[in-house]
Amino acid sequence: MKITFEYCSLHYLKQWLKDDKPIVQTMRQGTRQEKLKALNTFINFYQVARNFPRACDIELGKARYEPVLDIIDPLTADDFKDGDLATNIQSVADQISAQYNGKGVLSATTKVLWTKVQAPVVIYDSRVRKALGSPTGNLPKFLNKWQAQYQQHENQVHAACLMLPKLATGEIAPNAATPDYIESIATQDWFKQRVFDIYLWHIGG
């Protein structure tokens, strides 16, 4: 099957409504306990729990992923708009790694950080890295390649997202998302970037 931006936009809309939206809303507005539960759900969904040994939270008498929440909870998108994005993301990854016995947590960090911040954070994923031809573990090169490719395709992504209210007809239950709601999110930067992520993820599979 040919992977198109129209297909990827609809794919991510479904994922957003079913999986990501409830998590993001909770990470913005939920209680501490609700945020911990949301992180647990998200980390299991994205299959990165192995990066966070239980010996570093539960076995120390803490809630599961409590050290992760303590680090990302105060952060906002504004914390990543100034300075070098790779450096800012790596700083968070280093803080989380220090809480989990020095485990390599770069990919997992970008995923959990995205739940709190969205754009300009870009998720570092092995399949996306493969699609970009970026070396393993090099976040600056990954981001440079990702951003260069996104700039080349942004108009196509934008056009596909503009079509979503019509593309979603018959695919999305009206009680899950109205056309007005779909239109309101479809051209936001964070949404378009995730559509591009889905595209690269399929290419790198």
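Residues numbered from 1 in each chain as written. Predicted model: local features only at pLDDT ≥ 70, side-chain atom pairs only at ≥ 80, totals over all residues. Heavy atoms only, no water.

**Focus on the packing of helix α1 (residues 5-29) against helix α7 (residues 139-162)**
- Running from N to C, α1 and α7 cross one another at 60°; their axes reach a closest spacing of 9 Å. Taken together, α1 and α7 sit at an angle that is classed as oblique. Here α1 runs over α7; the crossing is right-handed. On the side of α1, the interface is formed by Phe5, Glu6 and Ser9, while α7 contributes His153, Gln156, Val157, Ala160 and Cys161.
- Across the contact of α1 with α7, the residue classes break down as four nonpolar, three polar and one charged. (Axes fitted to C-alpha atoms, helices over the stretch in contact; angles between N-to-C directions. Helix = DSSP H or I, 4+ residues; strand = E, 2+ residues; numbered from the N terminus. Parallel < 35°, antiparallel > 145°, perpendicular 65-115°, else oblique. Left-handed = near helix turned anticlockwise from the far one by under 90°. Contact = heavy atoms within 4.5 Å. Nonpolar A, V, L, I, M, F, W, Y, C, P; charged D, E, K, R; others polar.)

**Overview of the nonpolar core**
- Grouped together as the largest cluster of nonpolar side chains are 70 residues, with contacts concentrated most on Leu13, Phe52, Ile72 and Ile96.
- Among the elements that make up this core, the one with the highest residue count is α1 (10 residues).
- In this structure, Ile96 is in contact with Phe52, Val68, Ile71, Ile72, Val105, Thr109 and Val112, ignoring residues within four places of it in sequence. (Core = buried A, V, L, I, M, F, W, Y, C linked by side-chain atoms within 4.5 Å. Buried < 20%, exposed > 50% of the residue type's maximum accessible area, 1.4 Å probe, protein only.)

**Details of α7**
- Where α7 bends most, the angle comes to about 60°, and this point is His153.
- Burial in α7 covers these residues: Leu139, Phe142, Leu143, Trp146, Tyr150, His153, Val157, Ala160 and Cys161. (Bend = angle between axes of the 7 residues up to and from the residue.)

**Side note on the packing of α7 against helix α10 (residues 189-203)**
- Two elements in contact, α7 and α10, have axes separated by 9 Å at closest approach and are oriented at 105°. Relative to α10, the element α7 is oriented roughly perpendicular. Along the contact surface, α7 presents Trp146, Gln149, Tyr150, His153, Glu154, Val157, His158 and Cys161, while α10 presents Asp189, Phe191, Lys192, Gln193, Val195, Phe196, Asp197 and Leu200.
- Along the lines of polarity and charge, the residues of the contact of α7 with α10 split into eight nonpolar, four polar and four charged.

**Quick word on the packing of aromatic side chains**
- Under the counting rule described, the total for this entry stands at 15 aromatic pairs.
- Centre to centre, the rings of Phe5 and Tyr199 are 4.3 Å apart; their planes meet at 35°, and the pair counts as tilted. Of this pair, Phe5 sits in helix α1 while Tyr199 sits in helix α10; the two residues are 194 residues apart in sequence, bridging distant segments of the chain. You'll find Phe5 and Tyr199 in the same group, each marked buried.
- Among the aromatic residues, ring-to-ring pairing joins Phe5, Trp146, Tyr150, Phe196 and Tyr199 into one connected group.
- Over the aromatic face of Trp201 sits the side chain of Arg127, whose NZ or CZ is 3.4 Å from the ring centroid.
- If you follow Arg194 out to its NZ or CZ, it ends over the ring of Trp114, 4.8 Å from the centre. (Phe/Tyr/Trp six-rings, centres within 6.5 Å; stacked < 30°, edge-to-face > 60°. Lys NZ or Arg CZ within 6 Å of the ring centre and 35° of its normal.)

**Re the pattern of salt bridges**
- All told, the structure shown has 10 salt bridges when counted by the stated rule.
- Close ionic contact of Asp19 with Lys18 constitutes a salt bridge, the shortest N to O distance being 3.5 Å.
- For Asp70, the salt bridge identified is with Arg32, shortest N-O distance 2.6 Å. You can see Asp70 sitting in helix α3 (residues 66-72) and its partner Arg32 sitting in helix α2 (residues 32-45), a full 38 residues away along the chain.
- For Asp70, a relative accessible area of 43% translates into the label partly exposed.
- Taken together, the salt bridges that share partners define one network made up of Asp20, Arg194 and Asp197. (Salt bridge = Lys/Arg side-chain N within 4 Å of Asp/Glu carboxyl O.)

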